[in-house]
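Examination of the molecular architecture
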Amino acid sequence: MKTIKIVVAGPRGRMGREAVSLVHNTEHFQLAAVIDRMNDGQSLSAVDGFSGIDVPIYTDIERCFQEVKPDVLIDLTTPEVGKKHTELALHYGVRPVVGTTGFTKEDLARLTELAEDKGIGAIIAPNFAVGAILMMKFAQMAAKYFNDVEIIELHHDQKLDAPSGTAVKTAELISMVRPSKKQGHPEEKETLEGARGATYDGIPIHSVRLPGLIAHQEVIFGGNGQALTIRHDSFHRASFMSGVKLSVETVMKLNTLVYGLENIIE
Ligand SMILES: NC(=O)C1=CN([C@@H]2O[C@H](COP(=O)(O)OP(=O)(O)OC[C@H]3O[C@@H](n4cnc5c(N)ncnc54)[C@H](O)[C@@H]3O)[C@@H](O)[C@H]2O)C=CC1
Ligand SMILES: O=C(O)C1=N[C@H](C(=O)O)C[C@H](O)C1
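Residues numbered from 1 in each chain as written. Chains lettered and ligands numbered in written order. Predicted model: local features only at pLDDT ≥ 70, side-chain atom pairs only at ≥ 80, totals over all residues. Heavy atoms only, no water.

An unreviewed UniProt entry annotates the protein chain as 4-hydroxy-tetrahydrodipicolinate reductase originating from Paranoxybacillus vitaminiphilus. According to the UniProt record, the Function (unreviewed entry) comment for the protein chain is "Catalyzes the conversion of 4-hydroxy-tetrahydrodipicolinate (HTPA) to tetrahydrodipicolinate." (UniProt positions renumbered as here; feature names shortened; annotations may be inferred.)

1. Remarks on the overall build of the protein chain
If you tally the helices and strands in the protein chain, you get seven helices and 12 strands. In terms of C-alpha radius of gyration, the protein chain reaches 20 Å, essentially the compact-globule figure of 18 Å for 266 residues. The principal-axis extent of the C-alpha atoms belonging to the protein chain is close to 60 × 40 × 30 Å. A buried classification covers 49% of the 266 residues belonging to the protein chain. Look at the contacts in the protein chain between residues 6 or more apart in sequence, and 70% of them connect residues 24 or more apart. Positive and negative side-chain charges of the protein chain, numbering 28 and 34 respectively, have mean locations separated by a distance of 2 Å. (Helix = DSSP H or I, 4+ residues; strand = E, 2+ residues; numbered from the N terminus. Rg over C-alpha atoms; globule rule 2.2 N^0.38 Å. Buried < 20%, exposed > 50% of the residue type's maximum accessible area, 1.4 Å probe, protein only. Contact = heavy atoms within 4.5 Å. Lys, Arg positive; Asp, Glu negative; His and termini not counted. Charge placed at Lys NZ, Arg CZ, Asp CG, Glu CD.)

2. Here's the deal with the site of ligand 2
Close contacts around ligand 2 come from T101, P126, N127, H155, H156, K159, D161, S164, G165, T166, A215 and F240, and that covers them all. With respect to ligand 2, the backbone of P126 contributes an N or O atom lying 3.5 Å from an oxygen atom. In this structure, K159 approaches ligand 2 through a side-chain N or O atom, which is 2.7 Å from an oxygen atom. Bound to the protein, ligand 2 loses 85% of the 320 Å² it would expose on its own. (Near = heavy atom within 4 Å. Polar contact = N/O pair within 3.5 Å; in protein donor to acceptor, adjacent residues only side chain to side chain. Areas by Shrake-Rupley, 256 points an atom, 1.4 Å probe, with all protein chains shown as cover.)

3. Overview of the site of ligand 1
Taken together, 22 residues form the shell around ligand 1, and within it R14, M15, T101, A125 and F128 come nearest. G99 is positioned such that a nitrogen or oxygen atom in its backbone is 3.2 Å from a nitrogen atom of ligand 1. Here ligand 1 has 850 Å² of accessible area as a free molecule, and 84% of this is covered by the chains. Elements represented by at least two residues in the shell around ligand 1 include exactly helix 1 (14–24) and helix 3 (79–91). Looking at the shell around ligand 1 residue by residue, the class counts come to eight nonpolar, eight polar and six charged. (Nonpolar A, V, L, I, M, F, W, Y, C, P; charged D, E, K, R; others polar.)

Written out as C-alpha cells, the structure is:
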C-alpha cells in the first residue's frame, strides 16, 4: 500500500494525541508534521507525551503545506480554526479529514463547492466511532415508524460547541425520512427558557455537559403505549480512531467532499 503523508492539526488536544499515536503507529501512514498554536520550529518529541516522535511543529499552516506537501490534513481543533484549516487545505490541494465539529450548513456548502472546484476529496465526520454511526443509522430507520423523537447528547464539560455535531447529524438524518412536525402540545409554554431544548426541524435536542463524561447520546422515540431508546457511549477516545484511519484511506480515493461516515461505511 502506498504511504500516505499526513499532517495533524491540534496534536496536544484530547483527540489530537490519539490521532498522532494512530498515524505514528500505522505502517502505511507517515506523520510528516503537526500544526499547533505554539513551539514553532521545534520537534514534537520535545513536547510532553510525544517522546520519540521526531516531526516538526508548525504554527503557520500555509508554510507547513508549502514545505511539507502532505497528502492529508487531519484536523482536530476548534470550530473556527477547523473551518479555516479545511479551506486552506483544499486551496493547497491537501485532502482534509476533519473531526472538528461546529460547521454550519453554509460552511459545508462552501467547502463542498471548493472541493468540487479543486477536484479533490475531503471528509468531514461529526463522529468517527462506528457505534455512533450505527446509532444514527438505526435512529433513521426507527424514524420511519415513530414520528416523535427527542435527542439527548451528553459530553464532557470542556466541549466548546452545543449541540454536538453528532446530535445535529442525527437530527438531519431523521428529518430526511420523517414528515416535518412540531412535537409536544400545540400550546406548550416554557416557564424556564430552554426547558424544551434546541430544535432542528421540530426535533428537540438537549445538551448535557458534565465532568467525567466523554461522548454519549440517546435518541428516544415515543409511540402509542411504547418508547424506543437507542444509545451510544464512547468511554475512551480510542473509539474514534478506526474511523479516522478509514477516513484517511478513503479520502485518497475521493474527488468530492463527503459529510458523515455513514456515507463511506457499507
Ligand atoms: N469527529 C469525532 O469523532 C470527534 C470530534 N471531536 C471534535 O474534535 C475537536 C477537538 O476535540 P478535543 O480534542 O476534545 O479538543 P481539545 O480542546 O482537547 O483540543 C483542541 C486542540 O486544538 C488546538 N488548537 C486550537 N487552535 C489551534 C490552531 N490555530 N492551530 C493548531 N492547533 C490549535 C488546541 O491547542 C488544542 O490542543 C472538537 O471540535 C470536537 O468536537 C471530538 C471527539 C470525536
Ligand atoms: O467534543 C467531543 O468530545 C465530541 N465531539 C463530536 C460531536 O460534537 O459530536 C463527536 C463526539 O460526540 C465527541
